[in-house]
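Structural characterization, general
One letter stands for each residue in the lines below.
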Amino acid sequence: MGITLKITPHISADRNVRLEITQEVTKQVFSVGGDNLTPTIAKRSAQSSVIVNDGKTMVLGGLTRNDSDETLEKVPGFGDIPLLGYFFRHKTKTNQQTSLYIFITPTVIATEEESSVVTKQKKDALKEASDTAK
């Protein structure tokens, strides 16, 4: 269960990048009653194709989810007694909203010099993030 992101890049002669993007989010859904031996999987997916200039950032969104769960906790036996059982059980309702946004910055590397510059930038960014976390 999780998020799958598939990106197929196509680079043009003028260094623009066409990205074919497939997003998929899967989650196990729990059901009350019935046959609980077989899990139920909820799957949401979106496909898009975008053109992005070299080094520019684009934001991809659109996968949102609203989950609501209801849980009943009760003392075995006493929670089932009519009227009196109300004092031996507890019902909880929760709502959760999730939005997925993906930021993509394609970089076209055509020469060894460009590769060295990009590698140095990424190393510096990782070192800075590591130093900040300490």
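If you're wondering where the values come from, they're calculated on a predicted model, not measured in any experiment.

Here's the deal with a nonpolar patch on the surface
A surface patch of nonpolar side chains, about 700 Å² in accessible area, is lined by Val 75, Phe 78, Ile 81, Leu 84, Tyr 86, Phe 87 and Phe 88. Structurally, Phe 88 can be placed in the loop between strand 4 (58-74) and strand 5 (89-104).

A look at the packing of aromatic side chains
Aromatic ring pairs are defined here through the distance separating the ring centres and the angle between the ring planes. A full pass over the atoms with the stated rule returns two aromatic pairs. Measuring from centroid to centroid gives 5.7 Å for Tyr 86 and Phe 87, while their planes differ by 80 degrees, and the two rings are edge-to-face. Judged by its relative accessible area of 65%, Phe 87 is exposed.

Examining the pattern of salt bridges
For side chains bearing opposite charge, pairing can occur when the charged atoms are close. Per the stated rule, a full pass over the model turns up eight salt bridges. The network of salt bridges with common partners includes Arg 15, Asp 54 and Glu 114.

A look at the confidence of the model for the protein
Should pLDDT be low for a region, the predicted coordinates there are not to be read in detail. For the protein, per-residue confidence averages 85 on the pLDDT scale, and residues scoring 70 or more make up 93% of the total. Averaged pLDDT values for the elements of the protein fall to 81 in strand 4 and rise to 91 in helix 1 (residues 112-133).

The rules behind the values
- Residues numbered from 1 in each chain as written.
- Predicted model: local features only at pLDDT ≥ 70, side-chain atom pairs only at ≥ 80, totals over all residues.
- Heavy atoms only, no water.
- Patch = residues over 30% accessible without salt bridge, like charges linked within 9 Å, V, L, I, M, F, W, Y side chains within 5 Å.
- Areas by Shrake-Rupley, 256 points an atom, 1.4 Å probe, with all protein chains shown as cover.
- Salt bridge = Lys/Arg side-chain N within 4 Å of Asp/Glu carboxyl O.
- Helix = DSSP H or I, 4+ residues; strand = E, 2+ residues; numbered from the N terminus.
- Phe/Tyr/Trp six-rings, centres within 6.5 Å; stacked < 30°, edge-to-face > 60°.
- Buried < 20%, exposed > 50% of the residue type's maximum accessible area, 1.4 Å probe, protein only.
- pLDDT = per-residue confidence, 0-100.

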